[in-house]
Amino acid sequence: MSKSQLNEPERIIYLNDSEKNLLKYKKESNYISTSKYTIYSFIFIFLKEQFSKYANVFFLFTALLQQIPNVSPTNRWTTAIPLVFVLSVTAVKEIFEDYKRHKTDNEVNNRKIQVIENNSINIKTWNDVKVGDIVRVENDEYFPADLILLSSSEPDTLCYIETSNLDGETNLKIKQGLVETSNILTPELASQMKGLIKSEQPNNRLYNYDGVIILNDKSFPLDPTQLLLRGAKLKNTQWIYGVVITTGHNTKLLRNSNKTPIKKTSVEHMTNYQIVFLFGILLVLSLTCTIGYFLRQDKSFEKTVLHPTEENSFSIKDIILGFLTFIVLYNNLIPISLIVTMEFVKYCISILINNDMDMYYDVMDTTAQCRTSSLVEELGQVEYIFSDKTGTLTCNIMEFKKCSIAGEKYTRSTKKNDGPINEITFDELKGDLKDADFNDVIYQFVTLLSVCHTVIPEQDENDPSVYNYQASSPDEGALVKGALLFDFKFTTRKPHSVIVNVNGQDLEYEILNVCEFNSTRKRMSTIVKCPNGEIKIYCKGADTVIFERLAKNGNIYMDKTIEHLEEYASEGLRTLCLATRTISPEEYETWSKIFDAASTTLVNREEELSKAAELIEKDLFLLGATAIEDKLQDGIPETITTLSQAGIKIWILTGDKQETAINIGLSCQLINNEMELIIFDDEVIKGTSQGVSEFIDSQLSTIKQKLPKKYAEAEFPPKITFRNKWIGKEEDIRQKFIPPTGLVIDGKMLEYALRDENKIKFLELATLCQAVICCRVSPLQKALVVKLVKNNIDAITLAIGDGANDVGMIQAAHVGVGINGMEGLQAARAADFAISQFRFLRKLLLVHGSWAYSRLSKLILYSFYKNLTLYLTQFWYSFNNGFSGQTIYESWTLTSYNVIFTVFPPIVMGFFDQFLNAIYLNKYPKLYKEGFLGKKFNISLFVAWALNGIYHSLLLYLLIKNIWFESQIDPNGDIGNHWMLGSTLFTCVLGTVLLKAGLTMDKWNKYTTLAIVGSYACWIILLPIYCYIGPLINLSPELDGMEKKIYSSSIFWFSVIIIPCVCIFRDYIWKFMSREYFTTDKHVIQEMQKYIIDDYSADQSWYQKAVGKVKLINHMRKSRGFAFSQLESGPADIIRIYDTTKRKPSGK
């Protein structure tokens, strides 16, 4: 899209004029791409990413230096070839991972769609859809682009859509086309349309739309009711015709997903710093040797023996070349194999994640997917989780579980053990209803369920006796299905009545008026004329608003109902109270005039309608209450509890209303029964930025009074100090000093809270709370909340969701997880990891994350250690060779150290090592804290490993030097040269670092044994072969005949057996002392695992459950959630014009 088009106030789409549309929008395509690379951009992006790693930059610099004549003391290709190999392996991995993204994109781009052209239907691919095309979409098909609904198979141009791909909600939403286009029922009529659409410019606002369609020189407004978004699916509607207004990356769905970001892990950042540190050591070594070399030139030995005829003058050029020589000599101090080993190990870990059957979801036949293997270690360091609610925590499936009618409890359970003895089953209630009179409480209760709603019945084509209920609110659908359990079958909706089949008899109720639900009223009322001629008001809503509208004689069941409500709430069920009364014709006639006047006013219509409703919603009689289960995904409460025990903070970011979000928070145990909730109330704050600021200050002041002075006066956000990087972070324990607190804020208040003057204060308040719930938030606000934490707190963030509205926060977080398994979810495609159920997050983090972080930390530290151990021996040798730059090791032997002989121990360490098995990691989640506190990978550990490498290198060199003295004489009288010394020293170094690898691993198996023993055996076997072949091909003539001398030397065998054991003895003693006298929780649990010792601590779960239930009931008395998730701008007007008796057109 060109900049000039973006600057235009509107887009003009011509109907059935492809030439004009093509001319105007020729650069717009419906092709979409979520991949990271293209054929043309791969080289540039890949090299840019790879050379952002300091190690690769250094090796490129070294490879170039080696090409300069008389500078390199080693072969000129010993760095270039391994570097090319490392980059090639990494490139193959990146190409393979991006290929999977391209494959997914191609599947979407090549879906089939019916396009109307020249009075007929042509089948095209999504990729070929253009702006202005009129398309025909059939039931269960996705919309290929953003469309304006023209007509449908349903009466009054209605259609149902499922937006689970956009927002995770599986309940169907209703869309309605204009009356003026409702006659477009055939391809011929669609092809004859003339006119244009003036549409808003492409944007990312999923729930807003402004446009105008001009037909026959008349303008008709378009709003979100006519907008069908790409990614949504047509449901329970045979077909629709729609005109394409935006395509591809201009659609609202794609506008909410950015280009796949390049994410770097905290371990990679730390590794870069460590490489810089090693480069500093390299410079010091090179500078020391350079100075030593030029100082030695003044010594008498050099003057009289080595250079008797040369002058002792040195130019700047000689100094620089000498310095560069030592840079090349010590370049392998930085392990060239580290990057490719890390990438390979990460890829192997991703395979383990993908094939973990514990994370297999049989319902959808899907496994976990690691889409970005480079982030696996971040899974072990997550401190904040940001989760969507609908589709992520909940199934968005409501089930009518229990009810209270006239003070009696009823349950759906059929088994005696499922519920308390004093609960009556629904089957018994069904029997009682057959003998009940019309005005009996139980009859009126079920009648209210089947009449007071905005549900549309759809008769099943295959079985006419079965009805599918389309509801804008899943709660309402559950209630109507609940009535069906008692043989009250809602069958027909007409513009002014509904028909309910009761025990085989059709009863028609005339709908006189509907007082819609909104968040202020918290109730819905329907005034109906019953089959017996009575006028009744049926009202359902939150208990608080129903109780205050009861008549004096209408509250006879209130005490019992309250008792039942508290019990239902303690079980996490969502409740509604139901009430009714009979209205006299005179009262209704008077009131209807007031209501009609309010519904036609142009000033404050909603307020006037609410006032009118207040006049009729009074003196009600309480019938009882319903209890609906908003089904959580399996294992949600246990998962959240376990993750909280691991020290992870969980925030819910949802588009749902406040009451629903709080209720789910209680059900999933994010909000516990002891928490005091800080609720940003619009009435208290008065909806201003200043009001939000003052409210935050007030709450912060109250909380800080309970904190110790040290924490109350601490700077926020806390600065990242050197101490944090040295030994890891300190755990944030501020929450331990204050009572359990939760924070609830809606999108309107959050807009003010995220402003520059308030956001840091808001963040401080939020971090002091154990739970945070943000409701009614937009996709952009979700991303802003994640970025607020990510940019201001030194913590790894994870965002998890299942809809397109979650893509922003998934991409903003350090780690993005998408819920997989639903049909073609955008979130899963944009995420770094995909799982099918939220409960799998527990194993993904606590097990795979902990393993990955521990493994990669060991791998990196060990890789630095082994290179320091080898290459510092070369430095110590410089003090004996006059700083001449002479290497003690043969060039290709040096190169093979990293790419052959020590490459497998880090790999098996990264793939198989387990400091604990999955069972114990799940059982003791507190061990996870070591990850996000940085206890396994920090500067102090790096320095400790580096010092150990220095110690081992010095000890190895001194022992070999003192054993060999000037040289060794073999049995034949031949004198061993320094290449024999180097090979012996190399063998001892290899033995030492392999023993260190074995001592570092927590778990041994046949592969780790093979890697360690096999690497050593490989060197012992290959050394004589190389000494024989190398000189023959002129690769290493200096080794000619050395194999016989070295393998026949008893000193060699003595050295390679005894010296590594002497070197590693200190490490063994250190590990023994650490476990014996400085025991940690991890050590104790490892012993329990080894000897299969059970944890015999007293199980008090039964006691905690009983006490918790009492506390929860007390908490519920202060605030109780209720079931009503219908949108505030409810579809009552659309629903009331619907007529299910009309015949549906074929559309062809």
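Residues numbered from 1 in each chain as written. Predicted model: local features only at pLDDT ≥ 70, side-chain atom pairs only at ≥ 80, totals over all residues. Heavy atoms only, no water.

Within an unreviewed UniProt entry, the label attached to the protein chain reads Phospholipid-transporting ATPase, and the organism entered is Anaeromyces robustus. What UniProt records for the protein chain under Cofactor (unreviewed entry) is the sentence "Mg(2+)". The heading Sequence similarities (unreviewed entry) in the UniProt record of the protein chain holds the text "Belongs to the cation transport ATPase (P-type) (TC 3.A.3) family. Type IV subfamily." (UniProt positions renumbered as here; feature names shortened; annotations may be inferred.)

Peer 1: Can you walk me through a nonpolar patch on the surface in this structure?
Peer 2: Together, I1021, L1022, I1025, Y1028, I1029, L1032, I1033 and L1035 make up a nonpolar patch on the protein surface, roughly 780 Å² of accessible area in all. With respect to the helices and strands, Y1028 occurs in helix α38 (residues 1006-1032). Residue Y1028 is classed as exposed on the basis of its relative accessible area of 55%. (Patch = residues over 30% accessible without salt bridge, like charges linked within 9 Å, V, L, I, M, F, W, Y side chains within 5 Å. Areas by Shrake-Rupley, 256 points an atom, 1.4 Å probe, with all protein chains shown as cover. Salt bridge = Lys/Arg side-chain N within 4 Å of Asp/Glu carboxyl O. Helix = DSSP H or I, 4+ residues; strand = E, 2+ residues; numbered from the N terminus. Buried < 20%, exposed > 50% of the residue type's maximum accessible area, 1.4 Å probe, protein only.)

Peer 1: For this particular structure, what's the right way to read the nonpolar core?
Peer 2: Most often, soluble globular proteins keep nonpolar side chains buried together rather than apart. In terms of nonpolar packing, the biggest core is built from 136 residues, with I385, L798, F833, L841 and L845 touching the most fellow members. Residue contributions to this core peak at 21 residues, all from helix α31 (residues 840-878). Counting residues domain by domain, this core receives three or more from each of domain 2 (360-393 + 636-836) and domain 4 (860-913 + 947-1091). The residues contacting I385, other than those within four sequence positions of it, are L643, I648, K649, I650, W651, L798, I800, L841 and L845. Of all hydrophobic cores here, the second largest spans 49 residues; its members include Y142, A145, L227 and L229. (Core = buried A, V, L, I, M, F, W, Y, C linked by side-chain atoms within 4.5 Å. Domains from an automatic or database assignment. Contact = heavy atoms within 4.5 Å.)

Peer 1: Where do I start with the environment of D1040 in this structure?
Peer 2: Mapped onto the secondary structure, D1040 falls in the loop between α38 and α39 (1042-1047). We classify D1040 as exposed; its relative accessible area is 58%. Here the alpha-carbon distance between D1040 and Y1026, two residues 14 residues apart in the chain, equals 9.5 Å. Apart from residues no more than four positions distant in its own chain, D1040 is found in contact with C1027 and P1031.

Peer 1: Please explain the side chain of K649 as it appears in this structure.
Peer 2: Within the element layout of this structure, K649 appears in strand β28 (residues 649-653). Look at K649 and you get buried, because its relative accessible area is 12%. Excluding residues within four positions of it along the chain, K649 makes contact with E383, Y384 and I385.

Peer 1: What is the right way to look at the packing of helix α3 (residues 42-50) against helix α5 (residues 80-109) in this model?
Peer 2: Each packed pair of helices is defined by two parameters, the angle between the axes and the distance between the axes. The N-to-C vectors of α3 and α5 enclose an angle of 120°; their axes lie 11 Å apart at closest approach. Classified by the interaxial angle, the pair formed by α3 and α5 is oblique. As α3 packs across α5, the resulting crossing turns out to be right-handed. Two secondary-structure elements touch here, α3 through F42, F46, E49 and Q50 and α5 through L87, T90, A91, E94 and I95. Its residues assigned to classes, the contact of α3 with α5 shows five nonpolar, two polar and two charged. (Axes fitted to C-alpha atoms, helices over the stretch in contact; angles between N-to-C directions. Parallel < 35°, antiparallel > 145°, perpendicular 65-115°, else oblique. Left-handed = near helix turned anticlockwise from the far one by under 90°. Nonpolar A, V, L, I, M, F, W, Y, C, P; charged D, E, K, R; others polar.)

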